[in-house]
Amino acid sequence: MTATEAKHRIAELSKIIEEHNYNYYVLDKSIISDMEFDKLLKELIDVENEYPELISPDSPSQRVGGTVTKEFKTIRHKYPMLSLSNTYSEDELIEFDNRIAKTLSSKYEYVCELKYDGVAIGITYKQGKLVQAVTRGDGEKGDEVTANVRTIKSIPIKLRGNDYPDDFEIRGEIVMPHDIFDEINKEREDIGEEPLANPRNSASGTLKMQDSAVVAKRKLDCYLYFILGEDLPFQSHYENLDAAIRWGFKVPKYNMKVGNIKGVFEFIRQWDKARHGLPFDIDGVVVKINSYEQQKTLGFTAKSPRWAIAYKFKAERVSTKLESIAYQVGRTGAITPVANLKPVLLAGTTVKRASLHNADIIEKLDVRIGDQVYVEKGGEIIPKIVGVDLSKRPVHSVAVEFITRCPECNAKLVRGEEEAAHFCQNENGCPPQIKGRIEHFASRRAMNIDSLGRETIELLFNSGLVHDIADLYDLKMEDLLPLERMAEKSASNLISGIKSSKQIPFERVLFAIGIRHVGETSAKKLAYYFKDINALEKASREELLEVGDIGERIAESVHNFFSDEKNKEIISRLHQKGLNFTLSKEALATTSDKLKGFTIVISGKFHKISRDELKKQIEQNGGKNSSAVSGSTNFLVAGENIGPEKLKKAEKLGVKIIAEDEFLKMIE
Ligand code: IVH
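Everything numeric here is computed off the predicted structure, so don't read it as measured data.

Chemist: Explain the packing of aromatic side chains to me, and be specific about the residues and the numbers.
Modeler: Across all of its chains, the model carries 22 aromatic pairs by this definition. Relative to Phe249, the ring of Tyr125 has its centre 5.0 Å away and its plane inclined at 85 degrees; by these criteria the two rings are edge-to-face. Taken together, the residues Tyr125 in strand β4 (residues 119–126) and Phe249 in the loop between α8 (237–246) and β9 (256–258) connect sequence positions 124 residues apart. Residue Tyr125 is classed as buried on the basis of its relative accessible area, which comes to 0%. Each member of the aromatic cluster is reached from another via a ring pair, and the members are Tyr116, Tyr223, Tyr254, Phe267, Trp271 and Phe280. The cationic tip of Arg160 hangs over the ring face of Tyr22; the distance from NZ or CZ to the ring centre is 3.9 Å.

Chemist: Which residues make up the site of the ligand, and what values do they have?
Modeler: The environment of the ligand is made up of 13 residues, and the closest members are Glu113, Leu114, Glu173, Tyr225 and Lys288. One nitrogen or oxygen atom from the side chain of Lys115 is found 3.2 Å from an oxygen atom belonging to the ligand. The separation between a nitrogen atom of the ligand and a polar side-chain atom of Lys288 is 3.0 Å. Its free accessible area being 530 Å², the ligand has 90% of it covered by the protein chains. Those elements that provide at least two residues to the shell around the ligand are β3 (110–116) and β10 (282–289). Looking at which element gives the most residues to the shell around the ligand, the answer is β3, with four residues. Of the residues contributing to the shell around the ligand, the split by class is seven nonpolar, one polar and five charged.

What counts and what doesn't
- Residues numbered from 1 in each chain as written.
- Predicted model: local features only at pLDDT ≥ 70, side-chain atom pairs only at ≥ 80, totals over all residues.
- Heavy atoms only, no water.
- Phe/Tyr/Trp six-rings, centres within 6.5 Å; stacked < 30°, edge-to-face > 60°.
- Helix = DSSP H or I, 4+ residues; strand = E, 2+ residues; numbered from the N terminus.
- Buried < 20%, exposed > 50% of the residue type's maximum accessible area, 1.4 Å probe, protein only.
- Lys NZ or Arg CZ within 6 Å of the ring centre and 35° of its normal.
- Near = heavy atom within 4 Å.
- Polar contact = N/O pair within 3.5 Å; in protein donor to acceptor, adjacent residues only side chain to side chain.
- Areas by Shrake-Rupley, 256 points an atom, 1.4 Å probe, with all protein chains shown as cover.
- Nonpolar A, V, L, I, M, F, W, Y, C, P; charged D, E, K, R; others polar.

Right under this line is the structure:
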């Protein structure tokens, strides 16, 4: 393909791909299959790799991220980002309307919108292209998170049509949809990490991540609700947002124009009920005067516009009796106190339990058995106890004393220095921990033994056949058949499932054995770096830290895991049974040790190889990518238009600077 042809094809593919993104993420319409979509994207990436100089930041290929921002730039907002005055009271809403009627002598319209519970963002477009995205910050200045925002597929990178203003800012809320939030927490649970508290915190945490490739994987969404600029097409809010729909923005279809406060109340009543069915969280509705002329007349207070108000839904709250506290033991030994409540109806479901999280929370709330407690369902999915009705406290009640021994195995509990949770450290003797580890081992993304679900594990464990993951590989038909509820068919499925799991590649076995904090990605990185279990087992903390993306916590955890004799014994038995503990030949062929021990920074534009490919090559050859030049940098690979700061720093620190060709020779 010639450069001209490539340019054409890139433009063509970009257009088609963005059209599909628009249909899927903005309009919720799926026109082609995932496979067809991936094929188009792959073709684009292939052409771009062949002609890296043709990669534009606006290319859909760039939506997968890959930019690492160590520190976000502070940017002053062109228009300050104000907040809204808010209320929980219908009376105050009527007062708001009365004030407006008094100030404006003419007729007015309200626009009713949902109040999205996420993170506010202001996005600037110039000549139809996304140029900058800034968080609210303190309202005056915010953080520039453009690279992260580009990965959100419902946000257009290039606008549609041709009647958009030359330069404008659009504001909205970045939210994390419930299904994504649940998925992330499921994954965190898999690797023994505390779950994220609620979708809003997760959205805000995600937006501030340094690596935009991770942001891309988190699938944030964005609803736009405010537009600012000098030459907007209409003189009213609703109509401009309507135009923004045509420019490709995801303006909520829930917006409604009403003629009076009665219409506002109808909107509120409808959404107070319907909000539980939305795929994301809202915490109220926002009411805005539609006409700009009238907005101007009403003006602003120091903090917020007088022409808008947020009506917040009261978090649904009921009171019920705390009957007892149960303590659950997770796979990692973490103890979670759970309140058993007298069943009560809350937000349409019967609530019998609420998480109390940890000892600190119990102490802070000072909840006691027999107390009448307030339970709320707010942004969190799981109801929580928010307080105690002290007037109803039984006379002789005593403060809860957190258990000191494991409720399952009676081992003494310990509490880490900086951890809120108590842990049972009897890893090898505590039933829920053992069963939890087996469950993780068999799960789909690990060894994928689908005939080995929770119930079967329970059965195998209780019958004394399986005490650890290695025991699975000793199971025979004659062991299984005498078990209750184990028919011939299920027994043979189980045996064959276990047998075929021996084909699972090393990197997944490494994930499956359940080293704390080692998720799928870290397992893969470790497997590719050390290539077999023996090398990994021998690695010191320092050596572990040499691996890209492996931090202190994971290094520590891996090291501890292999210091444990029992773990070593299980691995050695699994080894004997024929599980993969070495990287496959195919995977090995793509790796080398040529850059082992080297920390490398790349900067600038490259011609023979794309930046992503370059980074991949560094990792596959055993090196470590870093985004900033420091004392520990070994090389700076300098491309065209290299960042002057990086160059200066490298020269000052005496870091070796090499060109693209030289680098390619090193790994030849
Ligand atoms: S309009 C000057 N509309 O609520 C008006 N804000 O307390 C600017 N929010 O910072 C905001 N949904 O993060 C507006 N439909 C909506 C909204 C909304 C959520 C957030 C936004 C803002 C805060 C105001």
